[in-house]
Amino acid sequence: QVQLVESGGGLVQAGGSLRLSCAASGRTFSSYTMGWFRQAPGKEREFVATIDWSGGNTYYADSVKGRFTISRDNAKNTVYLQMNSLKPEDTAVYYCAAKKQMAIQYTYWGQGTQLTVSS
């Protein structure tokens, strides 16, 4: 069982930066692939970024590539999402998720943290 708690959301002006954190419980955090997803009002949840257990492999949605960076610190059981050059269209609730390496779907989800980007 893994519990995920996101933090770091807030209100930021367009062009600004923010870093989200996701703290995970459990002693097997390093064995999980971690991901960030987001859901804007009236829209479906969408993939943002993912990072493998080692942190050596990352993958991003085209909409955030070059602006967002996902990273993890296995010693701290934490995954991060550094967001730069923020745009109003980045406004959403951001969710952290975890899955075993070979799993297809993400099994564990956090409660989400709100990011609002003002123009």
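Our structure's up above, just so we're on the same page.
As a starting point, this report considers the structure included with it. (Residues numbered from 1 in each chain as written. Predicted model: local features only at pLDDT ≥ 70, side-chain atom pairs only at ≥ 80, totals over all residues. Heavy atoms only, no water.)

Here we look at the pairing of strand β4 (residues 32–39)
Argument step 1. Here β4 lies mainly inside the structure; seven of its eight residues are buried.
Argument step 2. In this structure, β4 lies alongside strand β9 (residues 92–100), joined through eight bridges in antiparallel fashion. The residue of β9 that forms the bridge with Met-34 is Ala-98.
Argument step 3. Two strands pair when backbone bridges link them, and β4 and strand β5 (residues 46–51) are joined in this way by five bridges, in the antiparallel orientation. The residue of β5 that forms the bridge with Phe-37 is Phe-47.
Argument step 4. What sits between the antiparallel neighbours β4 and β5 is a turn of six residues, in which Gly-42 has the positive phi angle 80°. (Buried < 20%, exposed > 50% of the residue type's maximum accessible area, 1.4 Å probe, protein only. Helix = DSSP H or I, 4+ residues; strand = E, 2+ residues; numbered from the N terminus. Pairing = 2+ DSSP bridges.)

Here's the deal with the packing of aromatic side chains
Each aromatic ring pair is described using two quantities: the centre-to-centre distance and the angle formed by the ring planes.
Argument step 1. This model, assessed by the stated rule, comprises six aromatic pairs.
Argument step 2. Look at Tyr-32 and Tyr-108: their rings are 6.0 Å apart centre to centre, the planes differ by 70°, and that puts the pair in the edge-to-face class. Residue Tyr-32 is found in strand β4, and its partner Tyr-108 is found in strand β10 (residues 108–109); the two are separated by 76 residues along the sequence.
Argument step 3. Classification of Tyr-32 as buried rests on a relative accessible area of 5%.
Argument step 4. A relative accessible area of 18% means that Tyr-108 is categorised as buried.
Argument step 5. On the basis of an interplanar angle of 75° and a centroid distance of 5.7 Å, the ring pair of Phe-37 and Phe-47 is categorised as edge-to-face. A residue pair is termed long-range when its members are at least 10 positions apart, and Phe-37 in strand β4 and Phe-47 in strand β5 qualify at ten residues.
Argument step 6. On the accessibility criterion, Phe-37 (12% relative accessible area) is buried.
Argument step 7. The aromatic ring of Tyr-106 is capped on one face by Lys-99, whose charged end is 5.6 Å from the ring centroid.
Argument step 8. Over the face of the ring belonging to Tyr-32 we find Lys-100, whose NZ or CZ atom lies 4.6 Å from the ring centre. (Phe/Tyr/Trp six-rings, centres within 6.5 Å; stacked < 30°, edge-to-face > 60°. Lys NZ or Arg CZ within 6 Å of the ring centre and 35° of its normal.)

A closer look at the nonpolar core
One broad trend across soluble globular proteins is that nonpolar side chains are buried collectively.
Argument step 1. Counting 30 residues, the largest nonpolar core has Leu-4, Met-34, Trp-36, Val-79, Leu-81 and Tyr-94 as its most contacted members.
Argument step 2. Mapped onto this core, the elements with two or more residues apiece are β3 (18–24), β4, β5, β7 (68–73), β8 (78–83), β9 and β11 (113–118). (Core = buried A, V, L, I, M, F, W, Y, C linked by side-chain atoms within 4.5 Å.)

Some details on the environment of Glu-44
Argument step 1. Along the chain, the position of Glu-44 falls in the loop between β4 and β5.
Argument step 2. Under the relative-accessibility criterion, Glu-44 is labelled exposed at 70%.
Argument step 3. In the structure, Glu-44 is positioned 39 residues away from Val-5 in sequence and 21 Å away in space, judged by C-alpha atoms.
Argument step 4. Dropping the residues within four chain positions of it, Glu-44 is found in contact with Arg-38 and Gln-39. (Contact = heavy atoms within 4.5 Å.)

Looking at the pattern of salt bridges
Argument step 1. Scanning all chains against the criterion turns up four salt bridges.
Argument step 2. Ionic pairing is found between Arg-67 and Asp-90, a salt bridge with its closest N-O pair at 2.7 Å. Of this pair, Arg-67 sits in the loop between β6 (58–60) and β7 while Asp-90 sits in the loop between β8 and β9, and the two are 23 residues apart along the sequence.
Argument step 3. On the basis of relative accessibility, which here comes to 0%, the residue Asp-90 falls in the buried class.
Argument step 4. Members of the salt-bridge network, linked through shared partners, are Arg-38, Glu-46, Arg-67 and Asp-90. (Salt bridge = Lys/Arg side-chain N within 4 Å of Asp/Glu carboxyl O.)

By themselves, these are just geometric observations and shouldn't be taken as functional.
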